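# Remarks on the overall topology
What follows is the residue order along each chain.
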Amino acid sequence: VFGMVLNAPAIKRPKIIIGANIITTNNSSPEEPEKIFIEYTSACDGVLFSTDESVTVSPELRIDQSVGLSTGNVKYNGTVNVMGSIEDGARVECEGSLNVAENLESSDISVGKDLFVKGGIKAKAKGLVKIAGNVKAKFIENSILEVGGDLIIEGYILNSKIYCLGSIVLTGPTSAILGSDIHVMGGLSTFNLGSNAGVDVVVELGVHFQNERLFDEFQNKVKISEKEMTNIIPQVQQANNMIKQLRGKLDDEKKKKFTELFELFKQKSNNHKFVTEKFEELKTSRFNQEHINIVVKGAAYPGAVIKYRRQVEKISAMQSAFMMSFLPGQES
């Protein structure tokens, strides 16, 4: 030991490559204004990818395998790209779109925009797959779907329940709807409807499934509200008569009691008005008010049923290619 100062070698500061969705800002230190440092800020919500030499933010989450036990559940506020399948039992929630390179086998799915599945959707008829936007897949099997946009399927829909606020189009040359219950706001196009096996297929056209549920809910609310009004109106009338008889000369206890009664009556009256108006609005908004077509390019088989409002068309014998048109107000 000689007591000499040994200086550390200078640090080679790497040059960082700034990728997409990164904002850089030059700032000075409050303690040492002459020193400038660079602040990096994400320009969007997303996933941070960084190395020793680069940094970037992707608004999309990419999972390079199937989603299942090995990855855990996924909850993301952007778009999710799954390079494998989504396995049975896995839960995926995303506010953006969901792109699946293979199959979607889970029934616990919630998508804020569109769903694209290169394979098929087969959720074993348990749980609910909810999509706010459009859906595109090769086939649907044993699944329950709620779709806010259009549903485009290449192959078949088998043993499934579909609730769709757009239109449903099956594009394949041998596409078919088999053993399923379909509720669609817009039109529907398929090659075959049913099969020689005679398995029941029900297609209900022009129905807004969300408003239909609200209609049933508000129908019950109106009944409850009417019963409440029937009970409280005589009490209010009796109170008014008593006030007239006493010419407004009430003790504090009666004043308090009548005030509470009149306030309750006002609340129930406002509620009754709201539920009644909403119920009347839902009478029409639960149905499509535009022209709707169902197109069968191949054949419809016995067991197939087509519904539109109060109209029911039952296929009792095989019928070759046809189109049915429905208009609001038409009786048959």
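Note: the structure precedes this text.
Analysis parameters
Every chain begins its residue count from 1, and numbering advances along the sequence as written. The predicted nature of this model means local features are confined to residues of pLDDT at least 70 and side-chain atom pairs, given and counted, to a pLDDT of 80 or more, with totals for whole chains, interfaces and linings taken over all residues. To get the side-chain values, take all heavy atoms of the structure and skip hydrogens and water. Partly exposed describes any residue whose relative accessible area lies between the buried limit of under 20% and the exposed limit of over 50%, with all areas from a 1.4 Å probe on protein chains only and scaled to the type maximum. Per the convention used, a helix needs a DSSP run of H or I reaching at least four residues, while a strand needs a run of E reaching at least two, with both numbered from the N terminus. Pairing between two strands requires that DSSP report at least two bridges joining them. To form a nonpolar core, buried Ala, Val, Leu, Ile, Met, Phe, Trp, Tyr and Cys residues must be joined to one another through side-chain atoms within 4.5 Å. Any Lys or Arg side-chain nitrogen located within 4 Å of an Asp or Glu carboxyl oxygen qualifies as a salt bridge. We call two N or O atoms a polar contact when they sit within 3.5 Å, provided that within protein one can donate a hydrogen and the other can accept it, with sequence-adjacent residues counted only if both atoms are side-chain atoms. In this description, contact between two residues means that some pair of their heavy atoms is separated by no more than 4.5 Å. Multiplying 1.5 Å by the residue count of a helix minus one yields the expected span of that helix. Note on terminology: disulfide denotes any pair of cysteine sulfur atoms within 2.5 Å. Here the term patch refers to residues with relative accessible area over 30% and no salt bridge, with like charges joined within 9 Å and nonpolar side chains (Val, Leu, Ile, Met, Phe, Trp, Tyr) within 5 Å. To be clear on the numbers: accessible area is Shrake-Rupley with a 1.4 Å probe, and residue cover counts the displayed protein chains and nothing else.

## A few points about the pairing of strand β9 (residues 91–94)
Burial along β9 is one-sided: V92 and C94 are buried, and none of R91 and E93, which face the opposite way, are. Where strand β7 (residues 74–76) meets β9, 3 bridges bridge the pair, whose relative direction is parallel. Within β9, the position partnered with Y76 by the bridge is C94.

## Here we look at the nonpolar core
L98, I168 and L205 are the most contacted members of the largest nonpolar core, which totals 54 residues. At 4 residues, strand β26 (residues 292–300) tops the list of elements feeding residues into this core.

## Remarks on the pattern of salt bridges
Under the defined criterion, the tally for this structure stands at 10 salt bridges. A salt bridge links D88 to K124; the nearest nitrogen and oxygen atoms lie 3.4 Å apart. With D88 in the loop between β8 (79–82) and β9 and K124 in the loop between β13 (121–122) and β14 (128–131), the pair connects residues that are 36 residues apart, well separated along the chain. For K124, a relative accessible area of 54% puts it in the exposed group. R286 serves as the salt-bridge partner of E212, at 3.3 Å between the closest nitrogen and oxygen. With E212 in helix α1 (residues 209–245) and R286 in the loop between α2 (252–285) and β26, this residue pair connects regions lying 74 residues apart in the sequence. With relative accessibility at 23%, the residue E212 sits in the partly exposed group.

## Here we look at the sheet that holds strand β4 (residues 47–50)
Judged by pairing direction, the sheet is mixed, and its 3 strands sit side by side in the order β1-β5-β4 without closing on themselves. Looking at the sheet topology across the chains shown, the edges are occupied by β1 (17–18) and β4. Alignment of β4 against strand β5 (residues 54–58), held across 4 bridges, turns out to be antiparallel. Along β5, the bridge assignment pairs V47 with S58.

## Overview of the side chain of S175
Its location among the elements puts S175 in the loop between β21 (168–170) and β22 (176–178). Accessibility expressed as a relative area gives 1% for S175, which makes it buried. In this structure the side chain of S175 is engaged in a polar contact, spanning 3.1 Å, whose partner is the backbone oxygen of G172. Of note is the side chain of S175, whose polar atom sits 3.2 Å from the backbone nitrogen of F191. When residues no more than four places from it in sequence are discounted, the contact partners of S175 are E154, G155, L170, T190, F191 and N192.

## So, α2
An ideal rise of 1.5 Å per residue puts 50 Å on 34 residues; α2 measures up with 49 Å between its terminal C-alpha atoms. For α2, the full list of buried residues reads F258, L261, V275, F279 and L282. Buried residues along α2 sit against α1.

## Side note on the state of the cysteines
Under the counting rule described, the total for this entry stands at 0 disulfides. Lacking any disulfide linkage, C44 is separated from the closest cysteine sulfur, that of C94, by 16 Å. Here C94 falls in the buried class, since its relative accessible area comes to 5%.

## A few points about a nonpolar patch on the surface
The grouping of I16, I18, I38 and Y40 at the surface amounts to a nonpolar patch, some 330 Å² of accessible area in total. Take I16: it is sitting in the segment before β1. A residue is classified by how much of its surface remains accessible, and I16, at 40% relative accessible area, is partly exposed.

## Brief notes about the environment of M229
For M229, the location among the structural elements is in helix α1. Its relative accessible area of 10% is what places M229 among the buried residues. Along the primary structure M229 and K254 are separated by 25 residues, whereas in three dimensions their C-alpha atoms are 22 Å apart. For M229, the residues in contact, after removing those within four places along its chain, are P234, F265, K268, S269 and H272.

Read these as layout, nothing more, since geometry by itself doesn't imply function.
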